[in-house]
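Per-entry structural report
Letter by letter, the chains look like this.
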Amino acid sequence: MSVHEDVFDGPAQPMPEPGDGSFGWAILSGDVEAEPAVTPAPVRHVEGYALLLVFAARRGVDPVELAGDPLALLRFVRAHAADLRGDERLRSATTIFIGNTIAALRTDADWRATAPGRTPEVGAGRMSFDIDGILDAIAPVPADGDGTGSPAPAVEELAATLGAWAAAEQADAREAAAEREREARLRAWPAPAPAPSGAPTYTRPELSAAEYCGDDGQRIPYGERWGAGSPDPDSYSTVSHPERFAGLHTVAEALIDHLERAFAVTVRREQPGPDGGFDPPLLHPQDGVTALVRVIPEHPDAAPLSFAFTNFPGVFVEAGLLHTFPYPICGCDACDETAENQAAEVEELVLGVAGGGYAEEFPLGSAGETLYSLVSFDEGGTQTGWRSGNGGAPTTIPEERLDAAAATLAALPRGWQAWPRRG
């Protein structure tokens with residue numbers, strides 16, 4: 001006898017596969033000239049749960065009732081965990097049924113493909129549920145051995161989380177719409193103009209071509225050491241030859257010199273005080289800062305830049321009022337960064353800010369988060385890329401500084417503008 005998989009709305013569909021674009025979170029970077037990706041229709045009702053329907057019916061339980069009551073479903077799954085775990089096909093049917101139940105809680109929820117070999121997640125907004133791990137999470141082996149003990153706290157907690165997530169659909173939709181509007185505004189704000197004829201141009205200084213060797217005496221090919229493979233697990237906690245980043249100090253100084261020659265700015269060079277700090281302090285205090293250079297445009301609608309030189313060696317660049325960008329971004333052996341690729345990153349940021357390609361938003365949403373946008377372009381003013389990032393809610397910046405930043409950004413209807421050039 002065939003069993004129809006019609007418990008949930010709409011026809012049952014195949015599970016989304018990794019790489020089909022159905023994950024659900026936008027990538028906020030890349031080539032602005034690239035064609036937009038074709039996003040398939042969301043999958044809300046996945047096929048393959050017929051065995052769970054038969055299993056429930058044979059135990060006198062209506063699957064439709066389970067699909068409409070997540071807590072009842074989780075209790076049912078926990079009570080029969082041993083049987084559901086014992087058959088791989090039944091386990092798979094159970095996880096699919098759970099996922100479909102979760103997807104049905106919100107009209108904007110869908111299945112999201114993850115890695116090959118793993119059951120996709122189900123989510124909406126900023127929350128996604130790992131369906132593959134739910135069975136084990138809610139169904140530990142009960143102490144009484146009969147599988148019918150009182151509901152585990154994980155069951156009650158997960159049901160409560162699902163209820164709160166379902167109730168937040170309208171609020172999430174409003175916040176998502178607001179963020180889309182802000183991001184569209186961020187994209188529209190920067191309007192970089194080509195440099196006037198005869199204006200000073202920036203040229204990267206020549207960086208050291210030194211080679212570095214490991215303990216075995218073999219050359220370390222930084223930037224390509226892992227090839228197409230994965231980094232050594234131990235390399236994530238290892239930083240070898242940090243001196244290879246010393247050239248970033250040279251690049252930062254060259255950028256500062258260029259800004260001073262090309263734009264109407266004030267350059268202030270500062271040394272750390274007795275306590276190692278600065279006045280006003282850095283947005284995010286860093287260890288080992290040996291010098292700070294603030295470059296302040298002479299127009300209030302232009303975003304300032306600060307360069308914090310560290311003894312790592314590296315450079316932290318503060319752009320505008322609320323964002324800090326570290327170079328190198330990490331420095332560990334797993335990330336395999338080089339002075340050259342990090343120099344390109346810091347140049348893109350600094351020249352983008354000076355050219356009017358940078359924007360900030362704060363506060364965003366109920367959590368008061370930050371957002372930045374950076375447009376990159378060539379010397380002729382042609383846009384070559386765009387990226388943005390959500391910085392989360394600032395937790396280390398004093399309240400009065402946040403209030404002042406919010407007031408300043410609100411008074412910039414077109415965002416940060418290009419720096420004024422020297423006459």
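Residues numbered from 1 in each chain as written. Predicted model: local features only at pLDDT ≥ 70, side-chain atom pairs only at ≥ 80, totals over all residues. Heavy atoms only, no water.

1. As for helix α5 (residues 88-103)
Helix length check: α5 (16 residues) gives 23 Å between terminal C-alpha atoms against 22 Å at 1.5 Å per residue, within 8%. Extensive coverage of α5 is indicated by the burial of 13 of its 16 residues. The N-cap of α5, judged by a side-chain oxygen 2.8 Å from the amide nitrogen of R89 a few residues on, is D87. (Helix = DSSP H or I, 4+ residues; strand = E, 2+ residues; numbered from the N terminus. Expected span 1.5 Å × (residues − 1). Buried < 20%, exposed > 50% of the residue type's maximum accessible area, 1.4 Å probe, protein only. Polar contact = N/O pair within 3.5 Å; in protein donor to acceptor, adjacent residues only side chain to side chain.)

2. Concerning the sheet that holds strand β8 (residues 314-319)
Strand order across the open sheet formed by five strands is β5-β6-β7-β8-β9, with antiparallel pairing between neighbours. With one partner strand each, in any of the chains shown, β5 (265-270) and β9 (323-327) form the two edges of the open sheet. Across this sheet, the average inter-strand angle for adjacent strands is 15°, counted without regard to direction. Sheet analysis places strand β6 (residues 289-297) next to strand β7 (residues 305-310), joined by six bridges and oriented antiparallel. Looking at β7, one finds that V293 is bridged to F307. This element, helix α9 (residues 247-262), spans β5, β6, β7, β8 and β9 of the sheet and lies at about 155° to β7. In this fold helix α10 (residues 339-354) packs onto β7, β8 and β9, with an angle of close to 150° to the strand it touches most, β9. (Pairing = 2+ DSSP bridges. Axes fitted to C-alpha atoms, helices over the stretch in contact; angles between N-to-C directions. Contact = heavy atoms within 4.5 Å.)

3. Side note on the packing of helix α1 (residues 50-58) against α5
The N-to-C vectors of α1 and α5 enclose an angle of 95°; their axes lie 7 Å apart at closest approach. Judged by the angle between their axes, α1 and α5 are roughly perpendicular. Facing α1, whose interface residues are L51, L52, L53 and F55, α5 presents R89, L90, A93, T94 and F97. Split by residue class, the contact of α1 with α5 holds seven nonpolar, one polar and one charged. (Parallel < 35°, antiparallel > 145°, perpendicular 65-115°, else oblique. Nonpolar A, V, L, I, M, F, W, Y, C, P; charged D, E, K, R; others polar.)

4. Some words on the confidence of the model for the protein chain
Mean pLDDT over the protein chain stands at 86; residues scoring 70 or higher make up 86%. The least confident element of the protein chain is strand β1 (residues 29-30), whose mean pLDDT is 33; the most confident is β7, at 98. The low-confidence segment residues 20-37 (pLDDT under 50) makes 30 contacts with residues lying over four places distant or belonging to another chain. Overall, residues 142-151 carries pLDDT values under 50, and its contacts beyond four positions in sequence, including any with other chains, amount to ten contacts. (pLDDT = per-residue confidence, 0-100.)

5. Remarks on the pattern of salt bridges
Opposite charge on two side chains permits them to pair, given that their charged atoms come into close proximity. Under the counting rule described, the total for this entry stands at 13 salt bridges. A salt bridge links R204 to E347; the shortest N-O distance between them is 2.8 Å. With R204 in the loop between α8 (169-188) and α9 and E347 in helix α10, this residue pair connects regions lying 143 residues apart in the sequence. Taking relative accessible area as the criterion, E347 reaches 9% and is therefore assigned buried. Among the ionic contacts, a cluster of salt bridges with common partners joins R106, D108 and D172. (Salt bridge = Lys/Arg side-chain N within 4 Å of Asp/Glu carboxyl O.)

6. Digging into the nonpolar core
Of all hydrophobic cores here, the largest spans 46 residues; its most connected members are L259, L305, F307, Y358 and W419. Among the elements that take part in this core, α9 stands out by supplying eight residues, more than any other. Each residue touching L305, except ones within four places of it in the same chain, is listed here: L259, V293, R294, V295, V317, E318, A319, V350, V353 and W419. Among the nonpolar cores identified, the runner-up in size contains 36 residues, and L52, L66, L73 and A109 belong to it. (Core = buried A, V, L, I, M, F, W, Y, C linked by side-chain atoms within 4.5 Å.)

7. Considering the packing of aromatic side chains
Evaluation of the coordinates by the stated rule reveals ten aromatic pairs. Residues F263 and W419 carry aromatic rings whose centres are separated by 5.7 Å and whose planes lie at 80° to one another, so their mutual orientation is edge-to-face. Here the residue F263 occupies a position in the loop between α9 and β5, and W419 occupies one in the segment after α11 (399-410), the gap between them amounting to 156 residues. You can call W419 buried: its relative accessible area is 4%. The aromatic ring of F55 is capped on one face by R59, whose charged end is 3.6 Å from the ring centroid. (Phe/Tyr/Trp six-rings, centres within 6.5 Å; stacked < 30°, edge-to-face > 60°. Lys NZ or Arg CZ within 6 Å of the ring centre and 35° of its normal.)

8. Quick notes on unusual backbone geometry
Negative phi values dominate among residues other than glycine, just as trans dominates among peptide bonds. Along the chain, D279 connects to P280 via a cis peptide bond; the corresponding omega equals 0°. Relative to the helices and strands, P280 is located in the loop between β5 and β6. Following F312, the chain continues to P313 via a peptide bond in cis, the omega torsion being 15°. Counting through the fold element by element, P313 comes out in the loop between β7 and β8. Its identity is not glycine, yet D336 carries a phi of approximately 55°, on the positive side. Mapped onto the secondary structure, D336 falls in the loop between β9 and α10.

9. What to know about the environment of G277
Its place among the elements puts G277 in the loop between β5 and β6. As for G277 and V289, which are separated by twelve residues in sequence, their C-alpha atoms are 8.5 Å apart.

10. Describing the sheet that holds strand β2 (residues 110-112)
Read from one edge to the other, the open sheet built from three strands follows the order β2-β3-β4, with strand pairing classed as antiparallel. The sheet is open, and its two edges are formed by β2 and β4 (127-129), each paired on a single side. In this sheet, adjacent strand axes meet at a mean angle of 40° when their direction is disregarded. Of the pairings in the sheet, the one linking β2 to strand β3 (residues 121-124) comprises three bridges and is antiparallel in character. Of the residues in β3, the one forming a bridge with W111 is V122. Along the sheet face, α5 touches β2, β3 and β4 and points at about 130° away from the line of β2.

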